[in-house]
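In case you want the letters, here they are:
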Amino acid sequence: MKFGPVAPVDAIGGVTVHTLRQGTLVLKKGTLIGDAEVAALTAAGVKDIVVVQLEQGDVSEDVAAASVAQAVAGAGVHVERAVTGRANLFAGQAGVLVVDRDCVDRINRVDEAITFATLPAFKPVVEGEMIATVKIIPFGVAGSLRDAAVTAAGGGALKIASYRIKRVGVVATQLPGLASKVIDKTLRVTAERLAPAGATIIAERRVPHDQAALAAAIREMLTLKAELVIVFGASAIADRRDVIPAAIDRIGGSIAHFGMPVDPGNLLLIGQAQGVPVLGAPGCARSPVENGFDWVLMRLLAGLAVTRDDITGLGVGGLLMEIVTRPQPRVPLDADGSHQVAAIVLAAGRSTRMGGPNKLLAELNGTPLVRIVVDQALASKAGEVIVVTGHQADKVEAALRGLKVRLVHNADFAQGLASSVKAGIAAVPTAADGAVICLGDMPLVDSRLLDRLIDAFAPDRGALIAVPVSDGRRGNPVLWSRRFFAELMTLDGDIGARHLIAKHSEAVAEVTVDGAGAFLDIDTPQALEDARRQ
């Protein structure tokens, strides 16, 4: 293949390497030079142009890409027509993508001009989803390189394993304290997981967390012709001798592997009974968020064997996410088992919607709003009360004179609410496990509500954010675990942290409240009058 500048008359049959603009002439990259192009170049005064010209034995980029793509496409894979040296491959059916990693590597090592990229191996795909692409980097390659890549493909590096298992039995074990609604949600989530594979739950049983009862339930699922049995334990599997593996063994089954280097999903167990796969689900399988359970489940639904080597080979890339609801580092609690929580009162705003006066200094029954809020915080179980000041700081501080609080001035208060949140969080003592963020213009939030939020805060049980709720509506204040302080410090402008609550919904403990206290903030003169009436 020739590459370089040539006179227009010598460029016939070549392809432009770069877009050329001269006067009114525009010749785009990849244009095939013919007589008309030569005439236009000559008329524009172009003396030479950089082109690629194929030589004997070369093949064009599109021909090479198409050849390699066809060679790698196995069962269930569709190849799109090659354009500009790229041939894309698509799933011809729903299923699990099976990739021959060695084959992919061999193709990519033939020559730097030939590249082949795929989705991750064993990814569930839907019909029509793009799964791979072959790209030829130059405008053509030697035919011998194309042939070497085709040979390296070995008759198909990709295939789609279609879903085969359609009948799934689910058994959930129960212990005192496990609410039935947890199992109901687990079944809904599982049904949604199975739906893309066309599989359904043919039966579900709820039995005591007992070896004999569970063994009987699994046996019943096999009798009902389940092609896969999933067991959700009321308690996580802790050992190969625990209830779930023992029940599988009791009915003559076997355990292929327990544990998985994928997080979340570590405590997965895979076994079989009467030739039917049995999955001991990890706790994360109750969540709809992708986790290690999905990786194994979808392979099994596609009829693919999942061996011990397969499981132990998942470590690289196996860290999917941090589970914020897990217990925090094991530190001693207070003697009574409680957690230390600081209260932050935001009192730095400019009260722009009030039309002039500082709303925090407006009075209810003769007491400034900000003092009412701070008094309630001091009367609560909060260990320390931090007040963030800004606008008219001297007047706010005067309204709080005599109260045992820590004053923190936010010089950037004009930048919005987020700056005050960050100032308050930065002042929280290192010994505090969390902080409840109170708004200085919400005088109907009393110490009892603050105490209920503090009581609901349980990091060791995954309750890391406590929020007051009424009729599905979330209010203020919100209590945040120290786990989220770093994220709170990234807030900007006048936007609060509602998006973080949504992001970490699994860590939220909702505290049901009555009345308007958690929802009424004094932003306008009318709101002030409403508060006075209440």
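Note that the structure is a prediction, hence the values are computed from the model and not measured.

## Some words on the overall build of the protein chain
Regarding its fold elements, the protein chain presents 16 helices and 30 strands. Expected size for 534 residues packed as a compact globule is a radius of gyration near 24 Å; at 33 Å, the protein chain overshoots this value by more than 25%. In the protein chain, buried positions account for 48% of the 534 residues. Partitioning the contacts of the protein chain with sequence separation of at least 6, the portion at a separation of at least 24 is 68%. Accessible surface, the protein chain as shown: approximately 25200 Å² in total, 51% of it carbon and sulfur.

## Focus: the sheet that holds strand β1 (residues 2–6)
Across the sheet, three strands lie side by side as β1-β5-β2; this open sheet has antiparallel pairing. Of all the strands in the sheet, just β1 and β2 (15–16) have a single pairing partner and so form its edges. Summarising the sheet, β2 and strand β5 (residues 49–53) pair through two bridges and their orientation is antiparallel. Across the sheet, the residue bridging to Thr16 is Val51, located in β5.

## Concerning the side chain of Thr16
Along the chain, Thr16 turns up in strand β2. Taking the relative accessible area as the measure of exposure, Thr16 reaches 0% and is therefore buried. A polar side-chain atom of Thr16 sits 2.7 Å from the main-chain carbonyl oxygen of Lys28.

## Overview of the nonpolar core
Core analysis: the biggest nonpolar cluster contains 34 residues, and Val168, Val296, Leu297 and Leu301 have the highest contact counts within it. Only β9 (95–99), β15 (167–174), α5 (180–194), β17 (228–232), β20 (276–281) and α8 (292–301) provide two or more residues apiece to this core. At six residues, the largest contribution of residues to this core is made by α8. Looking at this core, you find at least three residues from each of domain 2 (58–162) and domain 3 (167–313). Leaving out residues up to four positions away in the same chain, Leu297 has contacts with Arg193, Leu194, Leu228, Ile230 and Leu279.

## Topic: the domain arrangement of the protein chain
In terms of domain boundaries, the protein chain breaks down into domain 1 (2–53), domain 2 (58–162), domain 3 (167–313) and domain 4 (341–533). Taking only C-alpha atoms, the centre of domain 2 and the centre of domain 3 are 36 Å apart. Facing the six residues of domain 2 at the interface are four residues of domain 3. Among the residues of domain 2 in contact with domain 3, Val96, Phe122 and Pro124 are the three that bury the most area, contributing 64% of the side total. Along the contact surface separating domain 2 from domain 3 lie zero salt bridges. Summed over the shared surface of domain 2 and domain 3, the result is zero residue pairs in polar contact (both at pLDDT 80 or more).

## Focus on the environment of Arg483
Structurally, Arg483 can be placed in the loop between β29 (478–481) and α14 (485–488). As a C-alpha pair, Arg483 and Ala179 span 304 residues in sequence and 27 Å in three-dimensional space.

## Things to note about the UniProt feature "domain: MoaB/Mog" (unreviewed entry) in the protein chain
Taken from the UniProt record, the annotation "domain: MoaB/Mog" (unreviewed entry) applies to residues 169–302. Taken end to end, residues 169–302 is 34% helix and 27% strand, and its first and last C-alpha atoms sit 16 Å apart.

## Let's talk about the pattern of salt bridges
Summed over the entire model, instances satisfying the criterion amount to 14 salt bridges. Notably, a salt bridge pairs Asp147 with Arg146, separated by 2.8 Å at the nearest N-O pair. One salt bridge in this structure joins Glu487 and Arg483, with 3.6 Å as the shortest N-O distance. Classification of Arg483 by relative accessible area gives partly exposed; the value is 22%. Each of Asp184, Glu204 and Arg206 takes part in one network of salt bridges that share partners.

## A closer look at the packing of aromatic side chains
Under the defined criterion, the tally for this structure stands at two aromatic pairs. Measuring from ring centre to ring centre gives 6.1 Å for Trp480 and Phe484, while their planes differ by 75°; the resulting arrangement is edge-to-face. Exposure remark for Trp480: the relative accessible area of 3% places this residue in the buried category. Residue class for Phe484 comes out buried when judged on its relative accessible area of 1%. In this structure, Arg299 packs its charged tip against the face of Phe122, placed 3.5 Å from the ring centre.

## What to know about the sheet that holds strand β14 (residues 158–162)
Read from one edge of the open sheet, three strands run β11-β9-β14, paired in antiparallel fashion. Looking at which strands have only one partner, the edges of the open sheet turn out to be β11 (124–125) and β14.

## Thoughts on the pairing of strand β24 (residues 384–389)
Of all six residues in β24, five are buried; the element is thus mostly enclosed. In this structure, strand β21 (residues 341–347) lies alongside β24, joined through six bridges in parallel fashion. Bridge pairing links Ala342 to Glu384 in β24.

## Focus on the confidence of the model for the protein chain
Low pLDDT marks regions whose predicted coordinates should not be analysed in detail. On average, residues of the protein chain score 90 in pLDDT, and 95% of them reach the 70 mark or higher. Segment residues 328–337 is flagged for pLDDT under 50; beyond a separation of four residues in sequence, or across chains, it makes six contacts in the model.

## Observations concerning the packing of helix α6 (residues 211–223) against helix α7 (residues 243–250)
Following both chains from N to C, one finds α6 and α7 inclined at 55°, their axes separated by 8 Å at the closest point. As far as their axial angle goes, α7 and α6 are oblique. Remark: the crossing between α6 and α7 carries right-handed chirality. Counted together, Gln211, Ala212, Leu214, Ala215, Ile218 and Arg219 of α6 and Val243, Ile244, Ala246, Ala247, Ile248 and Arg250 of α7 form the full contact between these two elements. When its residues are assigned to classes, the contact of α6 with α7 shows nine nonpolar, one polar and two charged.

## Side note on α6
Taking 1.5 Å per residue as the helical rise, α6 with its 13 residues ought to reach 18 Å, and the 18 Å between its terminal C-alpha atoms agrees with that figure. For α6, the set of buried residues is Leu214, Ala215, Ala217, Ile218, Met221 and Leu222. With its buried residues spanning 165° around the axis, α6 presents them on a single face. Near the N-terminus of α6, the side chain that reaches the backbone nitrogen of Ala212, with its oxygen 3.1 Å away, is that of Asp210. Backbone geometry just after α6 places Lys225 at a positive phi near 70°.

## Examining the side chain of Thr190
By the secondary structure assignment, Thr190 is in helix α5. Residue class for Thr190 comes out buried when judged on its relative accessible area of 1%. Here Thr186 takes part through its backbone oxygen, which lies 2.7 Å from a polar atom of the side chain of Thr190. Not counting the four nearest positions on each side in its chain, Thr190 is found in contact with Val170, Ile201, Ile230 and Phe232.

About the cut-offs
- Residues numbered from 1 in each chain as written.
- Predicted model: local features only at pLDDT ≥ 70, side-chain atom pairs only at ≥ 80, totals over all residues.
- Heavy atoms only, no water.
- Helix = DSSP H or I, 4+ residues; strand = E, 2+ residues; numbered from the N terminus.
- Rg over C-alpha atoms; globule rule 2.2 N^0.38 Å.
- Buried < 20%, exposed > 50% of the residue type's maximum accessible area, 1.4 Å probe, protein only.
- Contact = heavy atoms within 4.5 Å.
- Areas by Shrake-Rupley, 256 points an atom, 1.4 Å probe, with all protein chains shown as cover.
- Pairing = 2+ DSSP bridges.
- Polar contact = N/O pair within 3.5 Å; in protein donor to acceptor, adjacent residues only side chain to side chain.
- Core = buried A, V, L, I, M, F, W, Y, C linked by side-chain atoms within 4.5 Å.
- Domains from an automatic or database assignment.
- Buried area = accessible area lost by both parts, 1.4 Å probe.
- Salt bridge = Lys/Arg side-chain N within 4 Å of Asp/Glu carboxyl O.
- UniProt positions renumbered as here; feature names shortened; annotations may be inferred.
- Phe/Tyr/Trp six-rings, centres within 6.5 Å; stacked < 30°, edge-to-face > 60°.
- Lys NZ or Arg CZ within 6 Å of the ring centre and 35° of its normal.
- pLDDT = per-residue confidence, 0-100.
- Axes fitted to C-alpha atoms, helices over the stretch in contact; angles between N-to-C directions.
- Parallel < 35°, antiparallel > 145°, perpendicular 65-115°, else oblique.
- Left-handed = near helix turned anticlockwise from the far one by under 90°.
- Nonpolar A, V, L, I, M, F, W, Y, C, P; charged D, E, K, R; others polar.
- Expected span 1.5 Å × (residues − 1).
- Arc of directions from axis to C-beta.

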